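This is what each chain is made of:
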Amino acid sequence: MRKRIIVIGGGIVGITAALELQRRRNSVTIIDPKKPGRETSYGNSGVLSDGSVVISNNPGLRKKLPTLILKRSNALNYNIGFILKSLPWVTKFLSYCTDLHLDHSSRALRNLQSFSLSLHLDLIREANADSLLRKTGWLKVFRSDASFKSYEMELRVLKKTGVGHTIFNSEQLRNLEPSLNQIFKHGVLLHDACSVSSPSGLCDAYLSIFEKLGGKVLQAAATTLSYSDSWKVTMKNNHTLEANRVVIAAGPWSAEIAEKLGYKIPMGWERGYHIHLKPRLGASLQRVVHDVDRGYVMAPQQKGVRITSGVELNDRDAKVDEKQIRNSIHSAREALSLGAELEDSAWMGRRPTLVDSLPIIDKGSRHDELWFNFGHQHNGLSTSAGSAMILADLMHGVTPSIDPSPFRADRFKI
Ligand SMILES: Cc1cc2nc3c(=O)[nH]c(=O)nc-3n(C[C@H](O)[C@H](O)[C@H](O)COP(=O)(O)OP(=O)(O)OC[C@H]3O[C@@H](n4cnc5c(N)ncnc54)[C@H](O)[C@@H]3O)c2cc1C
């Protein structure tokens, strides 16, 4: 039977969920205080990965902790006040640094990402967004033998989970990415991964299919949710919308919304920055490149080369701290011939992270017709389409194409 469904949050996760639910003949409204696709889903590196399967809280993290705590790696910046305040969350996050959880999470992410990538390729075709798509893989580069050696564990997991990859030496790298300066000794190409030259352009393209199918978008923030027979969602403008079902897909804001209904979601956020730089004449990248030693990414985008930073642990809405992105730009200039910065200040987004680094895609346990789809961390662009399909299957009583159990809500006491 056709249901009225409200999707709270119009990032890539909310948009793809709304689109799939609309296809299944529901009447769907997205509500978001901003134009959809203008928060975390706007500023990422654009990788549609099939092989980002090693989560940050892996067994190797403990060994790296002294370097990270002493802020000797640009991959992590943190605010000590935030860490102290969030110690229970941080401790729980670190408790997942086990071989057992690495095995479990890498299989779950591999399944979700390869499923999702094939769905994205279909959606991109349907949305006439092929001009955004690059099927050139996703390249990790290493400046020293030592840093490549410490990537051994990741390589083992790539092999174990069947992620297609090729190892390159410095000379082969020169042929693969001729514009890269010759400072890299090794490279690993995830050759089946894809990327897009504008993540917000992709959101717009998917949204236009949703709207063509009759989906509605309301620009407002959900403030209160209540349920008796049906859901009533009140928005900041005091307008109330009624529906049979609600999906919370508000990325880093999801825990705050679910908390209003009594759920304690173990969510943190890993902030990240970007700035675009103009490539100098003749310099161009064929694919997204991750400079592993320096903890940043160079993503060729419509606007220029987007430099994205690693992880900053701080309050979700704390003031911007440009230290990490400044270091990243400095390192990127060593790697590629780059000209002027194209913005006056850095963009900042928040990766929504659950303590075990896997999303929740499931029904809320204590409410009728409440659904969760959030916590996609570093991979939400990649995993959104697959998450949407799992959500819609579970909602419609269909067995999902991949095992949804790693994404169940009851793995936590919430
Ligand atoms: C620097 C960086 C690089 C990244 N690179 C990649 C990459 O290359 N590939 C990849 O797969 N992933 C990448 N990610 C991760 C990816 O961007 C996220 O996982 C993904 O965007 C999360 O999408 P989302 O829809 O859950 O959240 P969001 O995009 O943040 O969307 C949440 C939406 O909820 C809305 N909202 C908030 N409060 C309310 C409310 N009260 N009512 C209604 N709506 C509300 C917000 O306005 C927002 O639009 C990167 C992230 C960062 C920060």
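Before reading on, note that the structure itself is shown above.
Okay, so let's go over this structure. Just so it is clear, the structure is predicted and the values come from calculations on it, not from any experiment. (Residues numbered from 1 in each chain as written. Predicted model: local features only at pLDDT ≥ 70, side-chain atom pairs only at ≥ 80, totals over all residues. Heavy atoms only, no water.)

Let us now look at the nonpolar core. The biggest cluster of nonpolar side chains holds 67 residues, and the ones touching the most others in it are V7, L21 and V247. At 9 residues, the largest contribution of residues to this core is made by helix α5 (residues 99–126). By size, the runner-up hydrophobic cluster in this structure holds 44 residues, among which are I8, L225, V311 and L354. (Core = buried A, V, L, I, M, F, W, Y, C linked by side-chain atoms within 4.5 Å. Buried < 20%, exposed > 50% of the residue type's maximum accessible area, 1.4 Å probe, protein only. Helix = DSSP H or I, 4+ residues; strand = E, 2+ residues; numbered from the N terminus.)

Residues other than glycine seldom take positive phi values, yet D229 does so here, at roughly 70°. In this structure, E369 takes a positive phi of about 60° despite not being glycine. By the element assignment, E369 lies in the loop between β22 (360–363) and β23 (370–374). We classify E369 as partly exposed; its relative accessible area is 21%.

Moving on, we get to the sheet that holds strand β11 (residues 222–228). A sheet is described by the order of its strands in space; here 3 strands give the open sequence β11-β12-β13, paired in antiparallel fashion. Edge positions in the sheet fall to β11 and β13 (240–243), since each has one partner strand and no second. Neighbour to neighbour, the strand axes of the sheet diverge by 20° on average, direction disregarded. As defined by bridge partners, strand β12 (residues 230–235) adjoins β13 across 4 bridges and the pair is classed as antiparallel. (Pairing = 2+ DSSP bridges. Axes fitted to C-alpha atoms, helices over the stretch in contact; angles between N-to-C directions.)

In this section: a nonpolar patch on the surface. Nonpolar side chains collect at one region of the surface, where I80, L84 and L87 lie side by side and expose about 290 Å² of accessible area between them. Relative accessible area serves as the criterion here: at 55%, L84 is assigned to the exposed category. (Patch = residues over 30% accessible without salt bridge, like charges linked within 9 Å, V, L, I, M, F, W, Y side chains within 5 Å. Areas by Shrake-Rupley, 256 points an atom, 1.4 Å probe, with all protein chains shown as cover. Salt bridge = Lys/Arg side-chain N within 4 Å of Asp/Glu carboxyl O.)

On to helix α1 (residues 12–23). Taking 1.5 Å of rise per residue, 12 residues should cover 16 Å, and α1 covers 16 Å from first to last C-alpha, within 8% of that figure. Taken across its 12 residues, α1 has 11 buried, putting it largely inside the fold. Listing the buried residues of α1 in full gives I12, V13, G14, I15, T16, A17, A18, L19, E20, L21 and Q22. Phi for R25, located one or two positions after α1, is positive at around 70°. (Expected span 1.5 Å × (residues − 1).)

With that settled, the discussion passes to the sheet that holds strand β1 (residues 4–8). Spatial strand order, β10-β2-β1-β14-β23-β22: 6 strands in an open sheet with mixed pairing. Both outer strands of the open sheet, β10 (216–219) and β22, are each paired with one neighbouring strand and no more. The mean inter-strand angle of the sheet, taken between neighbouring strand axes irrespective of direction, is 20°. The sheet contact formed by β1 and strand β14 (residues 245–248) spans 4 bridges and is parallel. Directly across from I8, in β14, lies its bridge partner I248. Against the sheet, helix α12 (residues 380–395) contacts β1, β14, β22 and β23, and its axis sits at roughly 165° relative to β23. (Contact = heavy atoms within 4.5 Å.)

Every one of the 32 residues lining the ligand counts as a neighbour, but D32, T40, S41, Q377 and S382 are closest to it. Within the backbone of V13, a nitrogen or oxygen atom sits 3.1 Å from an oxygen atom of the ligand. Note that an oxygen atom of the ligand is positioned 2.5 Å from one of the side-chain N or O atoms of D32. Surface burial for the ligand is 96%, taken as the share of its 1000 Å² of free accessible area covered by protein chains. For the shell around the ligand, the secondary structure elements donating two or more residues are α1, β2 (27–32) and α12. Looking at the shell around the ligand, the element that brings in the most residues is α12, giving 3 residues. (Near = heavy atom within 4 Å. Polar contact = N/O pair within 3.5 Å; in protein donor to acceptor, adjacent residues only side chain to side chain.)

For the rest of this paragraph, the subject is the side chain of R351. Assignment of secondary structure puts R351 in strand β21 (residues 347–354). No salt bridge is formed by the buried R351. Its closest oppositely charged neighbour is E270, at 5.3 Å. In terms of polar contacts, R351 uses its side chain to reach the backbone carbonyl oxygen of S309, at 3.1 Å. Apart from residues no more than four positions distant in its own chain, R351 is found in contact with T40, G268, W269, E270, R271, G272, S309, G310, V311, Q377 and H378. (Lys, Arg positive; Asp, Glu negative; His and termini not counted.)

Before going further, it helps to spend a moment on the environment of R24. For R24, the position within the fold is in the loop between α1 and β2. Once the C-alpha coordinates of R24 and M1 are considered, the two residues, 23 residues apart in sequence, prove to be 9.7 Å apart.

All right, on to the side chain of S73 then. Positionally, S73 belongs in the loop between α2 (61–69) and β4 (76–78). Of note is the side chain of S73, whose polar atom sits 3.0 Å from the backbone nitrogen of A75. Each residue touching S73, except ones within four places of it in the same chain, is listed here: T67 and L68.

Our focus in this paragraph is the pattern of salt bridges. Between side chains of opposite charge, a pair can form as their charged atoms come close. One pass over the structure, following the stated rule, counts 29 salt bridges. Notably, a salt bridge pairs R38 with D204, separated by 3.0 Å at the nearest N-O pair. Highlighted residues: R38 in the loop between β2 and β3 (47–48) and D204 in helix α9 (residues 199–212), separated in sequence by 166 residues. What makes R38 partly exposed here is its relative accessible area of 22%. Linking D122 and R125 is a salt bridge whose minimum nitrogen-to-oxygen distance equals 3.4 Å. Remark: R125 and D122 occur in helix α5; sequence separation between them is 3 residues, near one turn of the helix. Judged by its relative accessible area of 42%, D122 falls in the partly exposed class. Through salt bridges that share partners, K34, E39, E256, R316, D317 and R350 make up one connected network.

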